[in-house]
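# Structural description and commentary
Take a look at the letters that make up each chain.
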Amino acid sequence: VDSTLARRPPSRTVSTSASSGVKRADIRIDLQLIADMVAPGSRVLDIGCGDGALLDYLVHFKQVDGRGMEISQAGVNACVSHGLSVIQGDADTDLKDYPSNAFDYAILSQTLQATRDPRGVMEHLARIGRRAIVSFPNFGHWRVRLHLLLRGRMPVTEALPMHWYDTPNIHLCTILDFVALCEEVGVTIERGIAISRSGKPAEIRSLKWANLTGEQALFLLKRG
């Protein structure tokens with residue numbers, strides 16, 4: 001895995017000053033939805049936190065006790081320069097060092113598909129956090145299916161912006177795949193949201209429909 005910044009969609013810059021007028025809409029839609037799921041004043045670990053946009057928002061607008069882990073040095077430098085508590089680390093190898101129940105929320109945003117051992121990472125998320133929040137691009141989206149059917153090549157989309165030969169995404173999955181993984185590791189899904197290509201979120205009520213129409217997916221999880 002090379003760089004979290006490389007695998008994430010671009011995020012808008014967030015100021016570290018609560019007086020700067022930064023609003024919820026200043027961060028990506030998936031990060032907005034994640035922030036809405038986090039209770040004020042809670043303990044949060046943001047794994048693969050990139051440039052710290054979500055962590056910065058949570059610290060200043062939800063008063064969380066926030067920590068971050070980021071694999072790229074550039075990302076760590078950006079976070080630290082904004083006063084965020086972030087260390088360099090790899091989700092595949094470093095989550096084992098965190099004690100159980102150390103955080104109220106363990107967040108993994110647009111990073112699961114870039115890990116070498118998604119199942120192991122999921123097990124650590126459920127152990128470290130009382131709840132986990134995971135978002136990822138949905139490879140079951142109808143545009144992805146149509147691209148493969150008509151062109152016979154790996155798709156390049158807004159959610160999957162890189163070519164197959166230079167993407168850090170090595171374990172792409174569908175919503176149905178992710179739900180099956182949750183069952184295997186004994187994780188309960190409390191809430192699921194599918195995000196359309198236009199950025200419109202919708203509660204997941206039909207897994208098959210969400211798997212077809214959601215370009216991204218977001219889940220709030222807890223241990224079974």
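Note: the structure precedes this text.
Residues numbered from 1 in each chain as written. Predicted model: local features only at pLDDT ≥ 70, side-chain atom pairs only at ≥ 80, totals over all residues. Heavy atoms only, no water.

Let's shift gears to the packing of helix 2 (residues 29–37) against helix 3 (residues 53–61). Contact geometry for helix 2 and helix 3: axes closest at 10 Å, N-to-C directions at 35°. At the point where helix 2 passes helix 3, the crossing takes the right-handed sense. The residues of helix 3 that touch helix 2, namely those facing L31, I34 and A35, are A53, L54, Y57 and L58. Of the residues in the contact of helix 2 with helix 3, the class split is 7 nonpolar, no polar and no charged. (Axes fitted to C-alpha atoms, helices over the stretch in contact; angles between N-to-C directions. Helix = DSSP H or I, 4+ residues; strand = E, 2+ residues; numbered from the N terminus. Left-handed = near helix turned anticlockwise from the far one by under 90°. Contact = heavy atoms within 4.5 Å. Nonpolar A, V, L, I, M, F, W, Y, C, P; charged D, E, K, R; others polar.)

On to the side chain of S135, then. Locating S135 in the fold gives a position in strand 5 (residues 129–137). The class for S135 is buried, based on a relative accessible area of 1%. Every residue in contact with S135, bar those within four places of it in the chain, is listed here: D30, I34, L108, S109, Q110, T111, A217 and L218. (Buried < 20%, exposed > 50% of the residue type's maximum accessible area, 1.4 Å probe, protein only.)

Another point: the environment of R43. Relative to the helices and strands, R43 resides in strand 1 (residues 43–47). On the accessibility criterion, R43 (29% relative accessible area) is partly exposed. Through-space distance from the C-alpha of R43 to that of R67 is 8.1 Å; in sequence the pair is 24 residues apart. Contact partners of R43, with chain neighbours within four places excluded, come to D65, N101, A102, F103, D104, Y105 and R130.

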